[in-house]
Amino acid sequence: IASVDLVGNLTQAQIVLLGITGGTSAGGAAERLVADWRLADAADGRVANRVPDGPALVPSKSAPTPFRGDGHAGLEFSGGRNVTAATRGLAPLKDGGPFSLEMSLMVKAPPPGYMGGLFQAAKYGTAGFRLVYYQNLKLGVEIFPAPNKPAYLQGQTALQPGRFYRVKLLFDGQRAQLLL
């Protein structure tokens, strides 16, 4: 995987905190943090990675809008705005797992299309995954363990517009869990 994209066209969505860890916990051992982007720390749309030598998030075309409210701060993505990061050095994403992805987010309304992208680390249709939310405001994960053989996971709970949620995606290289 050459890049990690927080996919744009997130009309009325706000992303607050994002972190990626590599590896799994075993016998109480902590996961190794490989990326830690605090979107509230954005400067001109660029978000430094708090992990030493980790890739920064940078806007693809135009920078997302800063957001503060309800004790949260982050970036609001709308109108195709998105940020990307070069992740060639992040082995868990490049090698197919295991990994976990955590974020805090709030949506204001259903996405304008059939789904809105929240996070993508994939060569679409070939390898990787993406975290999305659908018109019914439920979260979903699309994982491509093999070319043209996607696996889908859809959450059971519809997000309430205007409410903040903590989302965690766990992937052990074969199975995924989506926690809200």
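Computed from a predicted model, the values in this text were never measured in an experiment.

**Here's the deal with the overall build of the chain**
So, step 1. The number of helices and strands found in the chain is one helix and 14 strands.
So, step 2. Sorting the 180 residues of the chain into buried and exposed places 45% on the buried side.
So, step 3. Of all intrachain contacts in the chain linking residues separated by at least 6 positions in sequence, the fraction that spans at least 24 positions is 52%.
So, step 4. As presented, the chain carries roughly 8700 Å² of accessible surface, and 49% of it is formed by carbon and sulfur atoms.

**Some points on the pattern of salt bridges**
Once their charged atoms are close, side chains differing in charge can pair, the charge on each being opposite to the other.
So, step 1. For the structure shown, the criterion picks out six salt bridges.
So, step 2. Here Glu-76 and Lys-108 are joined by a salt bridge, their closest N and O atoms 3.6 Å apart. Residue Glu-76 is found in strand 6 (residues 72-77), and its partner Lys-108 is found in the loop between strand 8 (99-107) and strand 9 (115-123); the two are separated by 32 residues along the sequence.
So, step 3. Within this structure, Glu-102, Arg-166 and Lys-168 form a network of salt bridges that share partners.

**Digging into the confidence of the model for the chain**
So, step 1. On average, residues of the chain carry a pLDDT of 75, and 76% of them reach 70 or more.
So, step 2. Long-range and interchain partners of residues 21-30, a stretch whose pLDDT sits below 50, account for 16 contacts in this model, where long-range means more than four residues apart.

**A word on the pairing of strand 7 (residues 83-86)**
So, step 1. Residues Val-83 and Ala-85 of strand 7 are buried on one face, while the alternating residues Thr-84 and Ala-86, pointing to the opposite face, are not.
So, step 2. Pairing of strand 4 (residues 58-59) with strand 7, which is carried by two bridges, proceeds in the antiparallel orientation. Each bridged residue has a counterpart across the sheet, and for Pro-59 the counterpart in strand 7 is Val-83.

**Things to note about unusual backbone geometry**
So, step 1. The phi angle at Asp-53 is positive, at roughly 65°, despite the residue not being glycine.
So, step 2. Relative to the assigned elements, Asp-53 resides in the loop between strand 3 (32-38) and strand 4.
So, step 3. The exposure class of Asp-53 is exposed, given its relative accessible area of 86%.
So, step 4. The backbone of Leu-137 shows a phi angle near 65°, a positive value even though the residue is not glycine.
So, step 5. The topology assignment puts Leu-137 in the loop between strand 10 (127-134) and strand 11 (138-144).
So, step 6. Leu-137 sits in the buried class, given a relative accessible area of 10%.

**Digging into the side chain of Glu-142**
So, step 1. By the secondary structure assignment, Glu-142 is in strand 11.
So, step 2. A distance of 2.4 Å separates the side chain of Glu-142 from the side chain of Arg-130, its partner in a polar contact.
So, step 3. Discounting chain neighbours no more than four positions away, the residues touching Glu-142 are Tyr-124, Gly-128, Phe-129, Arg-130, Tyr-134, Ala-151 and Tyr-152.

**Focus on the nonpolar core**
So, step 1. Trp-37, Met-103, Phe-119, Phe-129 and Leu-131 are the most contacted members of the largest nonpolar core, which totals 30 residues.
So, step 2. Within the residue set of this core, elements represented by two or more residues are strand 3, strand 6, strand 7, strand 8, strand 9, strand 10, strand 11 and strand 13 (165-171).
So, step 3. Residue contributions to this core peak at five residues, all from strand 8.

**Description of the environment of Pro-98**
So, step 1. Mapped onto the elements of the fold, Pro-98 is located in the loop between helix 1 (91-94) and strand 8.
So, step 2. Along the primary structure Pro-98 and Gln-174 are separated by 76 residues, whereas in three dimensions their C-alpha atoms are 8.4 Å apart.

**Description of the packing of aromatic side chains**
So, step 1. This model, assessed by the stated rule, comprises two aromatic pairs.
So, step 2. With 6.0 Å between their ring centres and 20° between their planes, Phe-119 and Phe-129 make a pair best called stacked. Of this pair, Phe-119 sits in strand 9 while Phe-129 sits in strand 10, placing them 10 residues apart in sequence. The pair Phe-119 / Phe-129 is uniform in exposure class, with both members buried.

Procedures and definitions
- For every chain, the first residue of its written sequence is number 1, and the numbers climb from 1 along that sequence.
- Local features are withheld for residues below a pLDDT of 70 in this predicted model, meaning they are given only at 70 or higher, and side-chain atom pairs are given and counted only at 80 or more; totals for whole chains, interfaces and linings count all residues.
- Side-chain descriptors were evaluated using all non-hydrogen atoms of the structure, hydrogens and water having been removed beforehand.
- Here a helix means four or more residues in a row that DSSP labels H or I, a strand means two or more in a row labelled E, and each is numbered from the N terminus.
- For every residue, the accessible area obtained with a 1.4 Å probe (protein chains only) is divided by the maximum for its type, and the residue is called buried under 20%, exposed over 50%, and partly exposed between those limits.
- Residues are treated as being in contact if the distance between any of their heavy atoms lies within 4.5 Å.
- Note on areas: Shrake-Rupley, 1.4 Å probe, and residue coverage restricted to the protein chains presented here.
- Any carboxyl oxygen of Asp or Glu within 4 Å of a side-chain nitrogen of Lys or Arg constitutes a salt bridge here.
- How sure the predictor is of each residue is captured by pLDDT, a score from 0 to 100.
- Two strands are counted as paired when DSSP detects at least two bridges linking them.
- For the purposes of these results, a polar contact is taken to be a pair of N or O atoms within 3.5 Å, where, inside protein, one atom must be able to donate a hydrogen and its partner to accept one; residues adjacent in sequence count only when each atom of the pair is a side-chain atom.
- We call a set of buried residues a nonpolar core when its members are Ala, Val, Leu, Ile, Met, Phe, Trp, Tyr or Cys and they connect through side-chain atoms within 4.5 Å of each other.
- The aromatic pairing rule takes the rings of Phe, Tyr and Trp, using the six-membered ring of Trp, and pairs them if the centres are within 6.5 Å, calling planes under 30 degrees apart stacked, those over 60 edge-to-face and the rest tilted.

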